[in-house]
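Reading the structure
Listed below, chain by chain, are the residues.
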Amino acid sequence: MFIADIRKDFYEVVANQRVVLLVAPDIDALCACKILQALFHCDQIQYTLVPVTGWQDLGTAFLEHKEQFRYFVLINCGANVDLLEMLQPDDDSIFFICDTHRPVDVVNVYNDTQIKLLIKQDDDLGVPSYDDIFRDEDEEGEDSGNESDEGSEPSGKRRRFDEGAVERRIERQRAKREWEARRREILFDYEQYEYHGTSAAMMFFELAWVLTKDTKDMLWWAIIGLTDQWVHDKITNMKYVTDIATMQRHVSRHNHRNEDEENSLSIDCMRISFEYDLRLTLYQHWSLYESICNSCYTSCSFKLWTLNGQKKLQEFLADMGLPLKQVRQKFNSMDMSIKENLRDVIEESSNKYGMKDIRIQTFGVHFGFKNRFLASDMVHATAALLESAEKDDSETDTFIKALDALSRSNIDRLHSGIELAKKKLIAIQQTVASCICTNLILSQGPFLYCYLMEGTPDVKLFSKPMALTLLCKYLLKAFSLCSFAHGVLDVEKGTVIVVGIPPESETSDKKNFFGRAFEKAAESTSSRTLHDHFDTSIIELKTEDRSKFLDALITLLS
């Protein structure tokens with residue numbers, strides 16, 4: 001059931017208990033986790049943190065902790081499946097679910113005792129009404145009982161009664177069949193598309209605000225959580241702008257509150273500011289030239305994998321009047337006179353080249369005097385650490401490193417994340433260029449399809465869901481602005497990771513139908529698939545079943 005008062009029904013319930021935090025591997029979940037950890041430290045609430053990468057992990061973690069703990073908080077996992085059916089918990093286990101995945105499973109919505117949903121109800125949830133999908137079976141029991149009671153009646157009388165009873169039963173069965181058909185239709189419409197709701201970090205920041213324990217660090221984490229949804233293209237532009245406005249009000253409040261403090265200019269102070277900044281990834285930590293070449297927006301606008309695109313880029317730089325020497329050196333080393341009005345100069349030239357959305361509403365932070373980061377820099381750096389392909393690191397190690405990078409006391413780790421993010425962006429750009437130039441993207445009728453073979457450079461990097469999804473979205477934007485993409489990749493286990501991306505457009509509602517299509521295609525062909533990821537549009541498939549699975553998918557979507 002949905003929780004109306006997050007303070008009373010969630011925080012005060014767990015305040016004197018031991019809690020397990022089960023956290024999904026995405027940046028929004030990490031930020032939500034940081035906020036909740038800070039609140040728990042404030043109130044000395046004992047908790048155990050367990051990173052979970054998929055449904056199997058979640059099941060294992062629950063089994064390991066169910067004896068010692070009653071309260072489980074699930075962050076960005078658990079809302080879109082029937083959790084009680086999956087975990088089979090004891091009656092005294094309580095699950096608090098703060099998850100951005102939609103649609104929310106109807107059993108979770110209508111369970112009043114064990115499932116508590118920390119989900120904004122003003123998101124357009126469209127949950128079907130209880131009577132349309134659940135029905136009591138008492139009437140049938142009464143009917144069959146009536147018939148057996150009449151055994152001692154004279155035969156003529158009984159026959160007449162039987163005719164009436166049979167008619168009633170047939171009528172009831174017909175009504176039941178109609179209700180079940182309507183139920184299937186309602187559930188299909190409700191569960192057809194996968195999409196995302198309000199950021200989990202924003203939900204927990206609101207809790208901190210209600211408790212009057214919100215700090216600037218918590219606010220910054222909430223902003224990163226929201227920016228993660230924008231960077232990974234999980235929410236609509238309208239939703240992003242609305243949530244940015246909410247965050248801006250909190251930023252103004254905090255900045256106003258701290259104006260009078262004496263330490264506002266101390267070396268370890270933190271200042272958050274609203275920015276109308278450039279859509280150039282990591283440009284303040286890179287050279288302007290490399291950022292333009294490796295940012296999805298500019299690279300796809302210029303089509304930089306073509307000679308014509310390279311020529312266009314040179315013209316664009318000339319139009320801005322920026323010397324090549326300046327553009328190719330680190331941003332920090334550029335002349336101050338150039339940096340002062342750089343954004344306006346770039347925006348003016350971008351408009352001439354059809355890039356009307358080169359600037360985006362976002363936030364920046366200063367840690368002391370030296371370190372300045374945009375929210376998107378933090379997302380890319382943390383994601384690169386979380387999906388680091390270093391051999392010695394387990395998934396728990398990378399999770400802890402990424403979590404640490406969000407603390408301002410770990411600036412060195414954040415910088416190492418930025419370096420990894422640069423390598424990842426270069427790898428994505430090079431892979432996109434090679435896929436297009438070698439015609440690896442095939443049109444399969446209803447969707448586009450790309451298959452990365454085992455020997456492809458950086459194939460290990462793209463075996464991670466976030467990196468693979470970014471690559472797919474980049475490919476889709478680069479190849480065709482209004483079509484389906486379907487990114488695929490081989491890994492060592494003899495399986496293929498399949499990602500489905502919905503059509504791309506500025507007005508698209510970001511609803512993804514591939515999750516349901518994958519399930520149906522696997523079912524109809526008996527393909528061996530593993531639906532272990534929290535996003536239903538990412539699955540693993542046995543390599544031998546690839547062709548029959550694809551054929552079924554083409555038939556389904558045609």
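Numbering of residues starts from 1 in every chain and runs along the sequence as written. Under the rules for a predicted model, residues below a pLDDT of 70 receive no local features and side-chain atom pairs below 80 are neither given nor counted, while totals for whole chains, interfaces and linings still include all residues. Computation of side-chain values covers all heavy atoms of the structure but excludes hydrogens and water.

As a reminder of what qualifies: UniProt positions are given in the numbering used here, feature names are shortened, and annotations may be inferred rather than shown by experiment.
If you look the chain up in an unreviewed UniProt entry, it shows as CDC45 cell division cycle 45 homolog (S. cerevisiae) from Oreochromis niloticus. The annotation that UniProt attaches to the chain under Subcellular location (unreviewed entry) is "Nucleus".

1. Brief notes about the packing of aromatic side chains
One pair of aromatic rings is described through two measures. These are the centre distance and the angle between the planes. Note the cut-off: Aromatic contacts are taken between Phe, Tyr and Trp rings whose centres are within 6.5 Å, Trp giving its six-membered ring; a plane angle under 30 degrees counts as stacked, one over 60 as edge-to-face, and the others as tilted. Numbered from the N terminus, helices here are DSSP runs of H or I no shorter than four residues, and strands are runs of E no shorter than two. In this scheme, the term charge over a ring applies when either NZ of a lysine or CZ of an arginine sits within 6 Å of the ring centre and within 35 degrees of the ring normal.
Counting across every chain of the model gives 23 aromatic pairs. Residues F274 and F363 carry aromatic rings whose centres are separated by 5.6 Å and whose planes lie at 75° to one another, so their mutual orientation is edge-to-face. Taken as a pair, F274 in strand 8 (residues 270-278) and F363 in strand 9 (residues 359-367) lie far apart in primary sequence, 89 residues in all. Lying across the ring of Y195, K511 places its NZ or CZ 4.7 Å from the centre. The ring of Y451 carries the charged tip of R546 above its face, separated from the ring centre by 3.7 Å.

2. Observations concerning the pattern of salt bridges
Counted only if it meets this: For this document, the term salt bridge refers to a Lys or Arg side-chain nitrogen within 4 Å of an Asp or Glu carboxyl oxygen. When accessible area is computed with a 1.4 Å probe and restricted to protein chains, residues below 20% of their type maximum are described as buried, those above 50% as exposed, and intermediate ones as partly exposed.
Applying the stated rule across the entire model yields 24 salt bridges. A salt bridge links E191 to R516; its shortest N-O distance comes to 3.1 Å. Here the residue E191 occupies a position in helix 8 (residues 155-191), and R516 occupies one in helix 22 (residues 514-525), the gap between them amounting to 325 residues. We classify E191 as partly exposed; its relative accessible area is 26%. Salt-bridge contacts for D545 lead to R528; the nearest nitrogen and oxygen are separated by 3.0 Å. Taken together, the residues D545 in the loop between strand 16 (538-542) and helix 23 (546-557) and R528 in the loop between helix 22 and strand 15 (529-530) connect sequence positions 17 residues apart. R528 sits in the partly exposed class, given a relative accessible area of 44%. Salt bridges sharing partners connect three or more residues here, namely E275, D277, R343 and R372.

3. Section: a negative patch on the surface
Heads up, the rule is: Patch membership needs two things, relative accessible area over 30% and no salt bridge, and members are linked within 9 Å if like-charged or within 5 Å if nonpolar (Val, Leu, Ile, Met, Phe, Trp, Tyr). Only the protein chains shown count as cover for residues, with accessible areas throughout obtained via the Shrake-Rupley method and a probe of 1.4 Å. All tallies of charge rest on Lys and Arg as positive and Asp and Glu as negative; His and the ends of each chain are not included. In this description, the location of a charge corresponds to atom NZ of lysine, CZ of arginine, CG of aspartate or CD of glutamate.
Residues E67, D90, D91 and D92 make up a contiguous surface patch of negative charge. Note on E67: relative accessible area 65%, which makes it exposed.

4. A look at the nonpolar core
Inclusion rule: In this text, buried Ala, Val, Leu, Ile, Met, Phe, Trp, Tyr and Cys residues form a nonpolar core when linked through side-chain atoms within 4.5 Å. Between two residues, a contact is recorded if the distance between any of their heavy atoms is within 4.5 Å.
If you look at the biggest cluster of nonpolar residues, it comprises 108 residues, and the most contacted ones within it are F10, L36, I75, F95, F204 and W220. Of the residues forming this core, the biggest block, 10 residues, is contributed by helix 2 (residues 27-42). Once you skip the residues sitting within four places of it in the chain, I75 turns out to touch L22, V23, A24, A29, A32, C33, L36, C98, A200 and F204. Grouped together as the second largest cluster of nonpolar side chains are 27 residues, C300, C472, Y474 and I538 included.

5. Digging into the environment of Q229
Examined against the element boundaries, Q229 turns out to sit in helix 10 (residues 216-231). Taking C-alpha positions, Q229 is 9.0 Å from T198, a pair spaced 31 residues apart along the chain.

6. Quick look at the sheet that holds strand 10 (residues 371-374)
For clarity, the cut-off: By this definition, two strands are paired if DSSP reports at least two bridges between them. In this analysis an axis means a line fitted to C-alpha atoms, helices contributing only their contacting stretch, and an angle means the value between N-to-C directions, from 0 to 180 degrees.
Ordered by their spatial adjacency, 3 strands build an open sheet running 8-9-10, and the pairing between neighbours is antiparallel. Unpaired on one side and paired on the other, strand 8 and strand 10 mark the two borders of the sheet. Going across the sheet, the axis of each strand differs from the next one's by a mean of 25°, ignoring polarity. Relative to strand 9, strand 8 is paired through 9 bridges, and the arrangement is antiparallel. What sits directly across from S273, in strand 9, is G364. Relative to the sheet, helix 11 (residues 237-257) contacts strand 8 and strand 9, its axis offset from that of strand 9 by approximately 30°. Across the sheet, helix 20 (residues 411-437) touches strand 9 and strand 10, and the angle it forms with strand 10 is around 50°.

7. Some thoughts on unusual backbone geometry
The omega torsion of the bond from R102 to P103 falls at 0°, within 30 degrees of zero and hence cis. Relative to the helices and strands, P103 is located in the loop between strand 5 (101-102) and helix 5 (106-110). Positive phi values are uncommon outside glycine, yet N76 reaches one of about 60°. Structurally, the position occupied by N76 is in the loop between strand 3 (71-75) and helix 4 (83-87). Positioned with a positive phi, N439 is a non-glycine residue whose angle comes to about 55°.

8. Here's the deal with the environment of M238
Take M238: it is sitting in helix 11. Expressed as a C-alpha distance, the spacing of M238 and D509, which sit 271 residues apart in the sequence, is 9.5 Å.

9. Quick word on the side chain of H232
What counts here: Within 3.5 Å is the distance limit for a polar contact, defined as a pair of N or O atoms, with the added protein rule that one can donate a hydrogen and the other accept it, and that residues adjacent in sequence qualify only through two side-chain atoms.
Mapped onto the elements of the fold, H232 is located in the loop between helix 10 and helix 11. Residue classification places H232 among the buried residues on the basis of a relative accessible area of 7%. At a separation of 2.7 Å, a polar atom in the side chain of H232 contacts the side chain of D228. Sequence-distant contacts of H232, that is, excluding residues within four places in its chain, are made with V379, A383, M466, L470 and K473.

10. A short note on helix 21 (residues 465-479)
So the rule is basically this: Multiplying 1.5 Å by the helix residue count minus one yields the expected span of that helix.
The end-to-end C-alpha separation of helix 21 is 21 Å, in line with the 21 Å expected for 15 residues at 1.5 Å each. Inspection of helix 21 places M466, A467, L468, T469, L470, L471, C472, K473, Y474, L475, L476 and A478 among the buried residues, and these make up the whole buried set.

11. Topic: the packing of helix 2 against helix 10
In plain terms, the rule: If an angle is under 35 degrees, it is roughly parallel; if it is over 145, roughly antiparallel; if it lies from 65 to 115, roughly perpendicular; otherwise it is oblique. When the near helix sits turned anticlockwise from the far one by under a right angle, the crossing is termed left-handed; a clockwise turn instead gives a right-handed crossing. Each residue is assigned to one of three groups, with Ala, Val, Leu, Ile, Met, Phe, Trp, Tyr, Cys and Pro labelled nonpolar, Asp, Glu, Lys and Arg labelled charged, and all others, Gly among them, labelled polar.
Interaxial distance between helix 2 and helix 10 falls to 8 Å at its minimum, and their mutual angle equals 165°. Overall, the two elements helix 2 and helix 10 adopt an arrangement that is roughly antiparallel. Every pair of crossing elements has a handedness; the one defined by helix 2 and helix 10 is left-handed. Facing I27, D28, C31, K34, I35, A38 and L39 of helix 2, the residues of helix 10 in contact are M218, W221, A222, I224, G225, D228 and Q229. When its residues are assigned to classes, the contact of helix 2 with helix 10 shows 9 nonpolar, 2 polar and 3 charged.

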